[in-house]
Amino acid sequence: AFSPTEYSLYYANSSESLPPDAPLSLKRGDRFEAQKDGRYGAPCTQELRALDRECTALAGAGCEVKTLSQGGQEYIEVSNVEVPSPPWCGGKARILIAVPVTYPAGGLDAFYLDRSSVSHQGGAIPYEQARATIDGREWGLISWHYPVNRPWNPNSDNIASHIAHCRGYFLRRGVRQ
């Protein structure tokens, strides 16, 4: 049973809610929808977002992650990403992943590299497309994308798999664009 203090009842595909506790004349084939919207009681609490759940799980597994936001764009900062030396100097990198508002359906792509955390023995950072100041630090945008035959899949990919994809950049694995 749906309580009117938690749910509104609607005829299917209708925007007008039915009055709570009012008798209904039912006939065969009538369809209804209930929506939990907090209209008759306390506001509905939002379920923890996939992004927050995944970051909590990663942190619990020992990964150093934190979320930050700048100019309406949300990011995940990942510290201590192991990188091979050589060709990288520094041993561990800090990366930043831009997260679309539509995550996880809107997939992750590319990443930013904290230029103060590592350097490359060749001088220039491979595949760096641009630089940006985010959260007071200089980051290089690394053009490292998923292969055409294996694009982001919201049913199987997540933040952890994207971090592994980004780590492939340092190991010279995967797509090099």
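So, how was this worked out
Residues numbered from 1 in each chain as written. Predicted model: local features only at pLDDT ≥ 70, side-chain atom pairs only at ≥ 80, totals over all residues. Heavy atoms only, no water. Helix = DSSP H or I, 4+ residues; strand = E, 2+ residues; numbered from the N terminus. Contact = heavy atoms within 4.5 Å. Areas by Shrake-Rupley, 256 points an atom, 1.4 Å probe, with all protein chains shown as cover. Expected span 1.5 Å × (residues − 1). Buried < 20%, exposed > 50% of the residue type's maximum accessible area, 1.4 Å probe, protein only. Polar contact = N/O pair within 3.5 Å; in protein donor to acceptor, adjacent residues only side chain to side chain. Core = buried A, V, L, I, M, F, W, Y, C linked by side-chain atoms within 4.5 Å. Pairing = 2+ DSSP bridges. Salt bridge = Lys/Arg side-chain N within 4 Å of Asp/Glu carboxyl O.

K.L.:
I tried to follow the overall build of the protein on my own but got confused; where do I start?
P.N.:
Check the secondary structure of the protein and you find two helices and 11 strands. Its helices and strands taken in sequence order, the protein reads β-β-β-α-β-β-β-β-β-β-β-β-α from the N to the C terminus. Once local pairs closer than 6 in sequence are excluded, the contacts in the protein between residues at least 24 apart make up 52%. Total accessible area on the protein is roughly 10,800 Å²; 49% of this is exposed by carbon and sulfur atoms.

K.L.:
Hey, could you run me through helix 2 (residues 159-170) in this one?
P.N.:
Counted at 1.5 Å a residue, the expected span for helix 2 with its 12 residues is 16 Å, and the 17 Å between its end C-alpha atoms agrees. If you check which residues of helix 2 are buried, you get Ile159, His162, Ile163, His165, Cys166, Gly168, Tyr169 and Phe170. Capping the start of helix 2, asparagine 158 holds a side-chain oxygen 3.0 Å from the backbone nitrogen of alanine 160, two or three residues further along. Looking one or two residues beyond helix 2, the residue adopting positive phi is arginine 172, at roughly 60 degrees.

K.L.:
Help me out: how do you make sense of the side chain of serine 143 in this one?
P.N.:
Position of serine 143 among the secondary structure elements: in the loop between strand 11 (137-142) and helix 2. Taking the relative accessible area as the measure of exposure, serine 143 reaches 12% and is therefore buried. A polar contact is formed between the side chain of serine 143 and the side chain of histidine 145, at a distance of 2.7 Å.

K.L.:
Help me understand the nonpolar core in this model?
P.N.:
Buried together is how nonpolar side chains tend to be arranged in soluble globular proteins. With 29 residues, the main nonpolar core has Ile95, Phe111, Leu113, Ile159 and Phe170 as its most contacted residues. Secondary-structure elements contributing two or more residues to this core are helix 1 (50-60), strand 5 (73-82), strand 7 (92-99), strand 8 (111-114) and helix 2. When residues of this core are assigned to their parent elements, the largest contribution, five residues, is made by helix 2. If sequence neighbours within four positions are ignored, phenylalanine 170 has contacts with Val81, Val83, Pro84, Trp88, Ala93, Ile95, Phe111 and Leu113. Core analysis: the next-biggest nonpolar cluster, separate from the first, contains six residues, Tyr75, Leu96, Tyr112 and Trp139 among them.

K.L.:
When you look at the pairing of strand 5 in this model, what are you seeing that I'm missing?
P.N.:
Regular strands place side chains that alternate from one sheet face to the opposite one. Two strands pair when backbone bridges link them, and strand 4 (residues 64-70) and strand 5 are joined in this way by seven bridges, in the antiparallel orientation. Residue pairing in the sheet places glutamine 70 in a bridge with glutamine 73 of strand 5. In sequence, strand 4 turns back onto strand 5 through a hairpin of two residues, with glycine 71 there showing a positive phi of about 60 degrees. Pairing of strand 5 with strand 7, which is carried by seven bridges, proceeds in the antiparallel orientation. By the bridge assignment for strand 7, glutamate 82 is matched with lysine 92.

K.L.:
Any chance you could explain the pattern of salt bridges here in plain terms?
P.N.:
In the structure shown here, the tally under the stated rule is 11 salt bridges. A salt bridge links arginine 94 to aspartate 114; its shortest N-O distance comes to 2.4 Å. Placement of the pair is arginine 94 in strand 7 and aspartate 114 in strand 8, with a sequence separation of 20 residues. Overall, arginine 94 belongs to the partly exposed group, its relative accessible area being 25%. One continuous salt-bridge network, built from bridges that share partners, spans Glu77, Arg94, Asp114, Asp135 and Arg137.

K.L.:
Explanation requested: the sheet that holds strand 3 (residues 32-35) in the structure shown.
P.N.:
Strand pairing within a sheet occurs via backbone hydrogen bonds; the two strands may be parallel or antiparallel. Strand order in this open sheet of three strands is 2-1-3, and the pairing throughout is antiparallel. The open sheet is flanked by strand 2 (17-18) and strand 3, the only strands paired with a single partner. As judged from the four bridges shared by strand 1 (residues 8-11) and strand 3, these two strands associate in the antiparallel manner. Within strand 3, the position partnered with tyrosine 11 by the bridge is phenylalanine 32.

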